[in-house]
Amino acid sequence: MLNQSQAEGSGGYDDGYANCPCFWGKEAGSLVRQFLANTPDVSKFHILDLGCGEGKNAAAFADRGASITAVDCSKRALANGKSAFKHPKIEWIQSDAIEFLNDSGLFDVVIMYGLPHCMESTSAIQKLIALSQKRTKKGGKHILAAFNDGPHDLSAHPYFKPTLASHDFYLRCYSAYEIESHTSSLLHETHPHNNIPHFHSVTRLIASKRL
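Computed from a predicted model, the values in this text were never measured in an experiment.

Trainee: Any chance you could explain the overall build of the chain here in plain terms?
Mentor: Secondary structure assignment for the chain yields eight helices and seven strands. Computed over its C-alpha atoms, the radius of gyration of the chain comes to 16 Å, within 12% of the 17 Å expected for a compact globule of 211 residues. Considered along the principal axes of its C-alpha atoms, the chain spans approximately 45 × 40 × 30 Å. The buried share of the chain, taken over its 211 residues, is 53%. Residue pairs in contact within the chain that sit at least 24 positions apart in sequence constitute 67% of those at least 6 positions apart. In the form shown here, the chain has an accessible surface area of approximately 9,800 Å², with 50% of it arising from carbon and sulfur atoms. Between the averaged position of the 21 positive side-chain charges in the chain and that of its 21 negative side-chain charges there is a distance of 6 Å.

Trainee: Even after reading the chapter, I still don't get the packing of aromatic side chains, so can you show me in this structure?
Mentor: Aromatic ring pairs: the centre-centre distance and the angle between the two ring planes describe each pair. Summed over the entire model, instances satisfying the criterion amount to ten aromatic pairs. Ring geometry for tyrosine 13 versus phenylalanine 23: centroids 6.2 Å apart, planes at 50°, classification tilted. Remark: phenylalanine 23 occurs in the loop between helix 2 (14–19) and helix 3 (30–38) and tyrosine 13 occurs in the loop between helix 1 (4–9) and helix 2; sequence separation between them is ten residues. Residue class for tyrosine 13 comes out buried when judged on its relative accessible area of 8%. By relative accessible area, which is 5% here, phenylalanine 23 ends up buried.

Trainee: What should I look at first to understand the environment of alanine 124 in this one?
Mentor: Within the secondary structure layout, alanine 124 lies in helix 7 (residues 122–134). With relative accessibility at 9%, the residue alanine 124 sits in the buried group. Spatially, the C-alpha atom of alanine 124 lies 9.1 Å from that of isoleucine 98, the residues being 26 residues apart in sequence.

Trainee: What's the story with the state of the cysteines in this structure? I'm lost.
Mentor: Between two cysteines, a covalent bond joining their sulfur atoms is known as a disulfide. For the structure on display, the rule yields zero disulfides. Cysteine cysteine 20 shares no disulfide, and the gap to the nearest cysteine sulfur, in cysteine 22, comes to 9.3 Å. The cysteine cysteine 118 is free of any disulfide, with cysteine 73 supplying the nearest cysteine sulfur at 7.8 Å. Classification of cysteine 118 as partly exposed rests on a relative accessible area of 32%.

Here is what the cut-offs are and how they apply
Residue numbers restart at each chain and count upward from 1, following the sequence in its written direction. Where local features are concerned, this predicted model is filtered to residues with pLDDT of at least 70; where side-chain atom pairs are given and counted, the filter is 80 or more; whole-chain, interface and lining totals use all residues. Note that the side-chain values use all heavy atoms of the structure and ignore hydrogens as well as water. Numbering of helices and strands runs from the N terminus; a helix is a DSSP stretch of H or I covering at least four residues, while a strand is a stretch of E covering at least two. Here the globule rule reads 2.2 Å times residues to the power 0.38, and the radius of gyration is calculated from C-alpha atoms. The cut-offs for exposure are 20% and 50% of the maximum accessible area for each residue type, with area from a 1.4 Å probe on protein chains only; residues under the lower value are buried, those over the upper are exposed, and the others partly exposed. Note on definitions: a residue-residue contact is assigned when non-hydrogen atoms from the two residues lie within 4.5 Å. Surface accessibility in these figures is a Shrake-Rupley result with a 1.4 Å probe; residues are shielded only by whichever protein chains are displayed. Two residue types count as positive, namely Lys and Arg, and two as negative, namely Asp and Glu; His and chain ends fall outside the count. To locate a charge, take atom NZ for lysine, CZ for arginine, CG for aspartate or CD for glutamate. Note on aromatic pairs: the rings of Phe, Tyr and Trp (six-membered ring only in Trp) are paired at centre separations within 6.5 Å, and the planes decide the class, stacked below 30 degrees, edge-to-face beyond 60, tilted for the rest. For the purposes of this analysis, a disulfide is any pair of cysteine sulfur atoms at a distance within 2.5 Å.

Remember that the coordinates give geometry; whether it matters functionally is a separate question.
Following this line, the structure appears as structure tokens:
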């Protein structure tokens, strides 16, 4: 088992990564599946999967011909991803999200799936989103999923203290974008390393940068 500082430093998931070769599974998240169903040709896209974990969302885009930059702070997550998804279209980078965005180029699509609530404060979330918006091409898309301030059962994450902003907070962060879809709902899940059923309140949105 990891200690508290190790678990918190990776969003609370490194214990899972260490004990499961593909902790998150191989099926892309629901928003990514929705996006790909509505966008048949992504072959010319350059995608940033920020906080990629083991890369299941990156792999879904790579399978459709897109080029992916997959970034995560967790060495364990990236090692699992490289093993599970041996795809030449994915560039794996270990980095802090803000540090990466400070020096990155522009992307057609930015994915932040489970990353925002791992930031240390709401102001850090605002900075993350603002920087990622600067790194998005005009007409580009954001795909975001984050815990919000609705009900949670954190019993499966004893060391994890997520930053819980409201659903409206995330909508305000995208006030300059066209928000194509947004929901706030409960996610029920059980992680394979501890088999503890639990739930989270999750904001999901897809937004487009205005031309």
